[in-house]
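Secondary and tertiary structure notes
Single-letter residue listing:
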Amino acid sequence: MARPPELPPLPALTRAEGELIDRYLDAVDLLGRINPGRDGSTYAGLRAAQALVARATELRDALATMHGRGESELHAPTLARALRALDGERRTARVTLPPADGN
């Protein structure tokens, strides 16, 4: 049986950067569940929207921690590698509109 491809290694991050990535992906996962362009129930969307409030607060707090520690710049290439290592491409794709069905 073929093994699935390995994800790239997680780059070295500060604790605050790791928290930022984790909270961002938490929010993205919830937004994917709320996405009105994708199938789902209103109840599941409601539950995800309710949870999103707490995740957005945690995301804000992670950014505030970084700012408070003097981390004034986001190092996009490093953070993008971390997102890819954590399956961020698939997870963020659920937030976008699905392809048109040709109508």
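In what follows, the accompanying structure is described. (Residues numbered from 1 in each chain as written. Predicted model: local features only at pLDDT ≥ 70, side-chain atom pairs only at ≥ 80, totals over all residues. Heavy atoms only, no water.)

**Describing the overall build of the chain**
Helices and strands together make up the secondary structure of the chain, namely 4 helices and 0 strands. Helices and strands appear in the chain in the N-to-C order α-α-α-α. For 103 residues, the compact-globule estimate of 2.2 N^0.38 gives 13 Å, and the C-alpha radius of gyration of the chain, at 16 Å, exceeds that figure by more than 25%. By principal-axis analysis of the C-alpha atoms, the chain measures approximately 50 × 40 × 25 Å. With the model as given, the accessible surface of the chain reaches about 7,400 Å², and the carbon-plus-sulfur share is 58%. The centroid of the 14 positive side-chain charges in the chain is displaced by 3 Å from the centroid of its 14 negative side-chain charges. (Helix = DSSP H or I, 4+ residues; strand = E, 2+ residues; numbered from the N terminus. Rg over C-alpha atoms; globule rule 2.2 N^0.38 Å. Areas by Shrake-Rupley, 256 points an atom, 1.4 Å probe, with all protein chains shown as cover. Lys, Arg positive; Asp, Glu negative; His and termini not counted. Charge placed at Lys NZ, Arg CZ, Asp CG, Glu CD.)

**Observations regarding the pattern of salt bridges**
Scanning the entire structure with this criterion turns up 8 salt bridges. Taking the shortest distance from any N to any O, the salt bridge between Asp-61 and Arg-60 comes out at 2.9 Å. The class for Asp-61 is partly exposed, based on a relative accessible area of 36%. Of the charged contacts in the structure, one is a salt bridge between Asp-87 and Arg-90, with a shortest N-O distance of 2.5 Å. Taking the relative accessible area as the measure of exposure, Arg-90 reaches 47% and is therefore partly exposed. (Salt bridge = Lys/Arg side-chain N within 4 Å of Asp/Glu carboxyl O. Buried < 20%, exposed > 50% of the residue type's maximum accessible area, 1.4 Å probe, protein only.)

**Looking at the packing of helix α1 (residues 15-34) against helix α2 (residues 42-68)**
Two numbers describe how α1 lies on α2: the axes approach to 8 Å, and their chain directions differ by 160°. Relative to α2, the element α1 lies roughly antiparallel. Viewed along their axes, α1 and α2 form a crossing whose handedness is left-handed. When its residues are assigned to classes, the contact of α1 with α2 shows 16 nonpolar, 2 polar and 8 charged. (Axes fitted to C-alpha atoms, helices over the stretch in contact; angles between N-to-C directions. Parallel < 35°, antiparallel > 145°, perpendicular 65-115°, else oblique. Left-handed = near helix turned anticlockwise from the far one by under 90°. Nonpolar A, V, L, I, M, F, W, Y, C, P; charged D, E, K, R; others polar.)

**A look at the nonpolar core**
Formed by Ala-16, Leu-20, Ile-21, Leu-25, Leu-59, Ala-62, Met-66, Leu-79 and Ala-82, the largest nonpolar core amounts to 9 residues. Among the elements of the structure, α1, α2 and α3 (76-85) are those that each provide at least two residues to this core. Apart from residues lying up to four places away in sequence, Ile-21 is in contact with Leu-13, Leu-79, Ala-82, Leu-83 and Leu-86. (Core = buried A, V, L, I, M, F, W, Y, C linked by side-chain atoms within 4.5 Å. Contact = heavy atoms within 4.5 Å.)

**Focus on α2**
Taking 1.5 Å per residue as the helical rise, α2 with its 27 residues ought to reach 39 Å, and the 39 Å between its terminal C-alpha atoms agrees with that figure. Where α2 bends most, at Leu-52, the angle is about 30°. Every buried residue of α2 is accounted for by Gly-45, Ala-48, Leu-52, Leu-59, Ala-62 and Met-66. Among the structural elements, α1 are those in contact with the buried residues of α2. (Expected span 1.5 Å × (residues − 1). Bend = angle between axes of the 7 residues up to and from the residue.)

**Structural notes on the packing of α1 against α3**
When two helices pack together, their arrangement is given by the angle between the helix axes and by the axis-to-axis distance. Packing of α1 against α3 leaves a shortest axis separation of 11 Å and a crossing angle of 50°. Classed by the angle they form, the pair α1 and α3 counts as oblique. Two packed elements cross with a definite hand, and for α1 against α3 that hand is right-handed. Across from Glu-17, Leu-20, Ile-21, Tyr-24 and Leu-25 in α1, the residues of α3 making contact are Leu-79, Ala-82 and Leu-83. Each residue belonging to the contact of α1 with α3 can be placed in one class, and the counts come to 7 nonpolar, no polar and 1 charged.

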